[in-house]
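# Secondary and tertiary structure notes
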Amino acid sequence: MALRDELGPYFGEYGGRFVPESLIAALDELDAAYTAAKTDPVFQAELAELHATYTGRPSIVTEVPRFAEHAGGARIILKREDLNHTGSHKINNVLGQALLAKRLGKTRLIAETGAGQHGVASATAAALFGMECVVYMGEVDTERQALNVARMRLLGAEVIPVTNGSRTLKDAINEALRDWVANVGDTHYLLGTVAGPHPFPVMVRDFHKIIGEEARRQVLDLTGRLPDAVTACVGGGSNAMGIFHAFLDDPDVALYGYEAAGEGHLTERHAATITRGRPGVLHGARSYMLQDEDGQTIESHSISAGLDYPGVGPEHAWLNDIGRASYLPITDDEAMQALRLLSRTEGIIPAIESAHALAGTIKLGKELGPEAIILVNLSGRGDKDMETAGKYFDILDTAALAAEDEAPL
Amino acid sequence: MSARLSSSVETVIAARKAAGSGALVGYLPVGFPDLKTSIDAAVALVENGVDIIELGLPYSDPVMDGPVIQRATQTALADGFKLGHGFEAVAAITARVDAPVLVMTYWNPVLQYGVDRFADDLLAAGGAGLITPDLVADEASEWLAASDRTGLDRVFLAAPSSTDARLRQAVERSRGFVYAVSTMGITGARADVDQAARSLVARLRDAGSTSACVGVGISTGDQVREVLGYADGAIVGSALVSALADGGVPAVARAAAALAAGTVA
């Protein structure tokens, strides 16, 4: 069987449904609706129309030669998901799930969010479809991302700060699951990544696989051949699965997922789930996760709120184990340097999440050399990260920064 | 360690039913407010009319639990709860009182400890079995095998939203009792125990259940009496944890006695 045809609920030994019995009926209902929608031309046409007239698809690709000079001279091509409406790939999945929720007669959307990108996308879809929207966000994250909280509220969503546990993304997911258990009759849980119980990992992947399908054609048109490697950042792993999927059965295309290594994957402050974790059950699925010897989840750390998650989607766990994709750590600092480099060399300010993919690509380009073609998923734009970047670079000191940038990396 | 030959939980429930009532199941988490007090509190429950102990293992991501139990288990974790304390507590409680002790745990701690090793150590500590809120029977093959080997009880959940086929599966796979979730929601006291519980228990009877206990939302002796009018047991958690948090062992003992008044026919 082709790797692309894997449909869950299991990817090898990963995936499944580890949830309270109360949710099984809702997951079955969703699975049935999704399975029907996949082959329903009306649903597909509705989604395609939204992508053409609302999301802004197809997203373009941009070759970045000045950036590539710092990456061994390889040809580097960015898939510009940052140009989508709401500023990241997240909208692909949100519109698909919101359409499904409408079909199921649900009138209320709930979502979890870390950085706020998925929350903003969910609030956007709720506004577009006239649905009620509640977004759960860890209290720590509401403080780090106050601007996104305001965006969600402006869009008409209610943002509920989650004050239990570590008060970050994992606790926001717990709280959304609790809400869903209690309100499953009228509520759809719009899970934002390729994790969670079946059918979420496969469904969210399918709503994002358009990224890779477009990009594969675009790279062929531009270069006349497939890329040597495809790279993406991995938190939960939705943008990475979205761009990897179209290439899974192209054996000559290497796939690289870059995890957030925070202060270093050998320190205790990182979010490098596959690099440092081991298999376990979290948020409804079996996959790699960060945990102590008793199976208690360990809090993750990353400068990027969107990658600050101690789990990862089960399909990534499987692709890792079968050797089809490689997962490597990128530190906060490596990501921030790559963010600045792309900004200075190409006039594109990436999200800090996506900057992890860029930092990995710099290393990879140096390994592969100037003949290589590397496709990078630029999953989001950096507007939301200006406060973090401003503090990180102490940007008032502009003269020092400019001098550093003159020196080759 | 030899396997259990029969379910002590089922024996207790049957005896209470034969006496014209049903069983009272009381939940408390290990390690809250500290290990020793949690053991004393569980013993006090039994001494005040609780028939079966449901001992919760604190877990970092308890998606089935409401705020009262979350706060208690988070405190226990912050104070250094380790899985070993769970076995220690089971052994200490069963040494002091006769009531069966079921352990309530999310699945990942068992998986990481090793399913067979967990079963062996629970059996050795004198535990009766496991209640698994986030493990449905469909995903439980390893636990089904380990519990068959050791004779430990395995309590699966049944929900108002479960199909008839799933209720039959829960009944067939459970041993000890089936945990009938009274309402679509998480743990926590509620003024009215949902009407949904009554129809869920009726559906479980149709699916062949002779041992169905209702949990989630029960907090008073009157509610216990009402539930025992149609079910084989009533499970109380948050109300006991609140009492323990507010007034220590004396308060939780009084709360247990008030709940147990509902088991007197």
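Below or above, wherever it landed, is the structure these notes cover. Position numbers for residues start from 1 in each chain and track the written sequence from start to end. Chain letters start at A and ligand numbers start at 1, both assigned in the order the entries are written. Totals for whole chains, interfaces and linings use all residues, but because this is a predicted model, local features are given only for residues with pLDDT of at least 70 and pairs of side-chain atoms are given and counted only at 80 or more.

### So, the packing of helix H4 (residues 83-96) of chain B against helix H6 (residues 115-125) of chain B
Residues and elements named next belong to chain B. For helices, the fitted axis covers only the stretch in contact; all axes are lines through C-alpha atoms, and the angles between them, taken along N-to-C directions, range from 0 to 180 degrees. Labels follow the DSSP assignment, with helices taken as runs of H or I lasting at least four residues and strands as runs of E lasting at least two, numbered in each case from the N terminus. Interaxial distance between H4 and H6 falls to 8 Å at its minimum, and their mutual angle equals 25°. Relative to H6, H4 is oriented roughly parallel. Residues Phe87, Val90 and Ala91 of H4 pack against Asp121, Leu122 and Ala125 of H6. We call Asp, Glu, Lys and Arg charged. Ala, Val, Leu, Ile, Met, Phe, Trp, Tyr, Cys and Pro are nonpolar, and the rest, Gly among them, are polar. For the contact of H4 with H6, the class distribution of residues is 5 nonpolar, no polar and 1 charged. Note on angle classes: values under 35 degrees are labelled roughly parallel, values over 145 roughly antiparallel, values of 65 to 115 roughly perpendicular, and the remainder oblique. Each residue gets a C-beta atom placed from its backbone, and two residues are in contact if those atoms lie within 7 Å.

### Observations regarding the environment of Asp40 of chain A
For Asp40 of chain A, the position within the fold is in the loop between helix H1 (24-38) and helix H2 (41-55). In the structure, Asp40 of chain A is positioned 107 residues away from Leu147 of chain A in sequence and 39 Å away in space, judged by C-alpha atoms.

### Notes on helix H9 (residues 200-208) of chain A
What sets the pattern is the α-helix's 3.6 residues per turn: residues three or four places apart point alike. Across the 9 residues that make up H9 of chain A, a large majority, 9, are buried. Put simply, a residue is buried when 20 or more other C-beta atoms lie within 10 Å of its own C-beta and exposed when 12 or fewer do; between those, it is partly exposed, and each C-beta is set from the backbone. Among all positions in H9 of chain A, only Phe200, Pro201, Val202, Met203, Val204, Arg205, Asp206, Phe207 and His208 of chain A are buried.

### Describing unusual backbone geometry
All names here are of chain A. Note the cis peptide between Gly8 and Pro9, where omega equals 0°. The residue Pro9 is located in the segment before strand E1 (10-11) in this model. The residue after His198, namely Pro199, is reached through a cis peptide bond having omega 15°. Residue position: Pro199 is located in the loop between strand E8 (187-189) and H9. You will see that His283, though not glycine, has its phi angle at about 50°, which is positive. Summarising the element assignment, His283 is placed in the loop between strand E11 (278-282) and strand E12 (285-289). Phi at Asp394 is positive, roughly 45°, even though this residue is not glycine. Topologically, Asp394 is positioned in the loop between helix H16 (386-392) and helix H17 (398-406).

Functional significance is not addressed by these values, which are geometric in nature.
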